[in-house]
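Take a look at the letters that make up each chain.
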Amino acid sequence: MSTKDNKGTAIITGASSGIGAVYADRLAGQGYDLVLVARRADRLQELAEKLRHAYSRNVSMIAADLSDDDDVRRVEQAISADESVTLLVNNAGLGGQAVVATADADAAERMIKVNVVALTRLTRAVLPGLLARKRGGIVNIASVLAFDTSFGGIYSGTKAYVVNFTEALHREVAGTGVTVQVVLPGATRTDFWELSGGDIDTLPKEIIMTADDMVDAALVGLARGEAVTVPALADTGKLDTFLGARQAFYGSLHADKPAARYAA
């Protein structure tokens, strides 16, 4: 395999289709070797062969269900021991479960395990190595629904965790040579919707982005050092205003006594 312009190894979860597969294609094209992680081994094999042929990169696979504790630990062990790792893209995610009262409890738990627990554990697995080598990055895929609970509190809650976790991690690694980015896609045309029991075609066409466009925009944001990337947001001043207002609001939440409106 080619060593020209080798940027190290990128690990991509949820890589067998959709956003993850596009990340795999783009990063291989940029000079990364790849470790592809997903449940569907046959789809991984097909993608890996395609990328090896197209880009002459080393592409390996780990077939794993990230809602399974043993599988997560197996992936952790593999990636934490790999000193070539320079980038982790935590893309794997589960959706659905809009109504808590009627949600399948086991399905909700699987969602939390994939969207929150696996993302956290895999980040923790690679971070010490990245910090020791003073290079590399972590990309966590959240969702604009982190800021909107109208589609259900379980999924939205997991993505709000991803945003808060990544923002805090960005501060933690400041000045170390390691970059951290959270990406907030809006409606993106992938099989995620069908797998979650939804129909993306019920949404207005003007708000649906292709996975290719979403990933390309996110990679531009990563190259620019953005901590928070929202591919559909035209006016970045709105993001600055939102984050600034949130911080100012937080500053008003502390006092030595309850607010007067709570007086008995």
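What you see is a predicted model, and the numbers here were worked out from it, not measured in a lab. (Residues numbered from 1 in each chain as written. Predicted model: local features only at pLDDT ≥ 70, side-chain atom pairs only at ≥ 80, totals over all residues. Heavy atoms only, no water.)

### Remarks on the nonpolar core
One recurring pattern in soluble globular proteins: nonpolar side chains tend to sit buried together. Membership of the largest hydrophobic core comes to 34 residues, with the highest contact counts inside it found for Ile11, Val37, Leu66, Val75 and Val126. Secondary-structure elements contributing two or more residues to this core are strand 2 (33–38), helix 3 (69–80), strand 4 (85–90), helix 4 (105–133), helix 5 (153–172) and strand 6 (179–183). Ranked by residues supplied to this core, first place goes to helix 4 with 8 residues. Those residues in contact with valine 126, other than ones at most four positions away along the chain, are Ile11, Ile79, Val85, Leu88 and Ile138. (Core = buried A, V, L, I, M, F, W, Y, C linked by side-chain atoms within 4.5 Å. Buried < 20%, exposed > 50% of the residue type's maximum accessible area, 1.4 Å probe, protein only. Helix = DSSP H or I, 4+ residues; strand = E, 2+ residues; numbered from the N terminus. Contact = heavy atoms within 4.5 Å.)

### Observations concerning the pattern of salt bridges
Across all of its chains, the model carries 9 salt bridges by this definition. One salt bridge in this structure joins aspartate 33 and arginine 57, with 3.2 Å as the shortest N-O distance. Residue aspartate 33 is found in strand 2, and its partner arginine 57 is found in the loop between helix 2 (41–55) and strand 3 (59–63); the two are separated by 24 residues along the sequence. In this structure aspartate 33 comes out as buried when scored by relative accessible area, which is 9%. The salt bridge partner of arginine 246 is glutamate 167, with a shortest N-O separation of 2.8 Å. One end of the pair, arginine 246, is in helix 8 (residues 236–251); the other, glutamate 167, is in helix 5, and 79 residues separate them in sequence. Overall, the relative accessible area of 14% leaves glutamate 167 in the buried class. Connected through shared salt-bridge partners, Asp25, Arg26, Asp212 and Asp216 make up one network. (Salt bridge = Lys/Arg side-chain N within 4 Å of Asp/Glu carboxyl O.)

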